Amino acid sequence: MAAAGGSSKSTAQKAPIIPKSAPKCKPGRPRNQNKHFTKQLISLLSSATSAAHSFLTQNDLLLLPSQSLSLEYFLSSIPFSPSPSLSPPSQSFFYRLLSSASDFDPRWCQIFRMSKQTFTSLLSLLSPSLLSFLPSSIPPDSAIAATLFRLAHGASYESVAPRFGLDSPAAACLAFYSVCKTVNEKLGDLVDFGRDLERIVMGFEWISLPNCCGVLGFGKFGVDSELLGKNGSLLVQALVDSEGRFLDISAGWPCTMKPESIFTQTKLYSRVEGSRELLNGACYQLSESNSIPQYILGDSCFPLLPWLLTPFIRPNEEDSFGSAEREFNAAHSRAMGLVGNAFGRVKARWQLLARRWKEDCVEIFPFVIVMGCLLHNFLIKYSEPLPEESVGRILREEELPVFEGEADERGERTRYALAKHLSWVSMRR
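The rules behind these values
- Residues numbered from 1 in each chain as written.
- Predicted model: local features only at pLDDT ≥ 70, side-chain atom pairs only at ≥ 80, totals over all residues.
- Heavy atoms only, no water.
- UniProt positions renumbered as here; feature names shortened; annotations may be inferred.
- Helix = DSSP H or I, 4+ residues; strand = E, 2+ residues; numbered from the N terminus.
- Buried < 20%, exposed > 50% of the residue type's maximum accessible area, 1.4 Å probe, protein only.
- Areas by Shrake-Rupley, 256 points an atom, 1.4 Å probe, with all protein chains shown as cover.
- Axes fitted to C-alpha atoms, helices over the stretch in contact; angles between N-to-C directions.
- Parallel < 35°, antiparallel > 145°, perpendicular 65-115°, else oblique.
- Contact = heavy atoms within 4.5 Å.
- Nonpolar A, V, L, I, M, F, W, Y, C, P; charged D, E, K, R; others polar.
- Salt bridge = Lys/Arg side-chain N within 4 Å of Asp/Glu carboxyl O.
- Phe/Tyr/Trp six-rings, centres within 6.5 Å; stacked < 30°, edge-to-face > 60°.

The name given to the protein chain in an unreviewed UniProt entry is DDE Tnp4 domain-containing protein, with Hevea brasiliensis as the source organism. Annotation of the protein chain in UniProt includes, under Cofactor (unreviewed entry), the sentence "a divalent metal cation". Within the UniProt record for the protein chain, the comment given under Sequence similarities (unreviewed entry) is "Belongs to the HARBI1 family."

**As for the overall build of the protein chain**
Scanning the protein chain from N- to C-terminus turns up 16 helices and seven strands. Relative to its 429 residues, the protein chain shows a buried fraction of 45%. Within the structure as shown, the protein chain displays about 23,600 Å² of accessible surface, and the carbon and sulfur contribution to it stands at 54%.

**Digging into the packing of helix α6 (residues 140-153) against helix α8 (residues 169-186)**
Where α6 contacts α8, the axes come no closer than 8 Å and their chain directions differ by 90 degrees. Taken together, α6 and α8 sit at an angle that is classed as roughly perpendicular. The residues of α8 that touch α6, namely those facing Ala-143, Ile-144, Thr-147 and Arg-150, are Ala-175, Phe-176 and Val-179. Its residues assigned to classes, the contact of α6 with α8 shows five nonpolar, one polar and one charged.

**Considerations on the pattern of salt bridges**
Under the definition given, this model contains nine salt bridges. Between Lys-181 and Glu-185 there is a salt bridge, with the nearest N and O atoms lying 2.8 Å from each other. Highlighted residues: Lys-181 and Glu-185, both in helix α8, separated by four residues, approximately one helical turn. What makes Lys-181 partly exposed here is its relative accessible area of 44%. Between Glu-243 and Arg-199 there is a salt bridge, with the nearest N and O atoms lying 3.2 Å from each other.

**A look at the packing of aromatic side chains**
Under the definition given, this model contains 22 aromatic pairs. Where Phe-218 meets Phe-302, the ring centres are 5.3 Å apart and the plane angle is 15 degrees; that geometry is what we call stacked. Here Phe-218, found in strand β1 (residues 212-222), pairs with Phe-302, found in the loop between β6 (295-298) and β7 (308-309); they are 84 residues apart in sequence, far enough to count as distant. Across the pair, exposure class does not vary: Phe-218 and Phe-302 are buried alike. Pairing Phe-263 with Phe-302 gives two aromatic rings, centres 5.3 Å apart and planes at 70 degrees, and the pair type is edge-to-face. In this pair, Phe-263 is assigned in helix α10 (residues 259-263) and Phe-302 in the loop between β6 and β7, connecting sequence segments 39 residues apart. Across the pair, Phe-302 and Phe-263 agree in class, each one buried.

Have a look at this one:
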């Protein structure tokens, strides 16, 4: 065998050199020492987690929701973490917040995405219905607060229940879906395309789009299900105004459907194309020879119609647009940003909707999405700003395939007339 540091052709493994001064251990002693150290380590970690539980209980009103939820998640992942005793309902986080927070306490916006005054207004709207079918053990204010907290922070029912004085995760689940149902019923009139059309048209005139009645696009919401797979999603068609307010929502379409197929099955399409009850107002006179009817702008995944104007598409990459087409597409792109921004704000404010839906009951998810959109409109009505920490979370929606069918001739004439008008307006600036 070669000397240390040299080379050897032998395949035998060298034994480690043990210094003469090293103590000789009796057989079995290292294993006993390991057991002793393990017990000490577990004891120390158990004390640390107990201290963390105590800290969380004593400071939950001072911590941001993201901080308290992260600490809870960490503690729950420790297998030997002692289970904290649940506070009685009268001492829950929510009722301590109610008694300590003023009307202008910023914690309300951090926790519930709305001020205390706006929360009180929402409570007065929903309470009568909630009282009619919720058990007496779930007060309406706790149910609404628990729902907003779960929606805003994606919290589990296990985290929500003790915070809001609910006796079990099942009670928190019942509260969530009860409020979801009530919001869909009571706030549904906040999404009414046929109402206040004059205000909508005036809003778009401020951004140089005369006689425009809205912008139509899609949002995607991730969902894991056997039918759609792990990377599946639900599509939501939405019409928005110049302020990003939802005017029409159609939710729950599987991502496997083509956008144009979804579009022709929606109530919006039937109300315009079928019954003609919408977009039947006066034409706007662009010039002595040109006028345009009421219309909405649509993403490139939609067909071009007399009342639905999509962007100009180049058949070949080497083709170039004239000035009128470029001006139209630029204005169209800015307007389409309103849809993406509206969905982005919904997901930024309501983090539960920004995550993949993994609950068993996929059928209820569209109603949860609509609840988020209705609350979005409700908060615009009450001038509630998007919380600062949510602004950076606004994500751009994925683009959908371009519609490849035939374009409507009347739609082409209307689009080109508007394109020439926008080009003329641009040259005058």
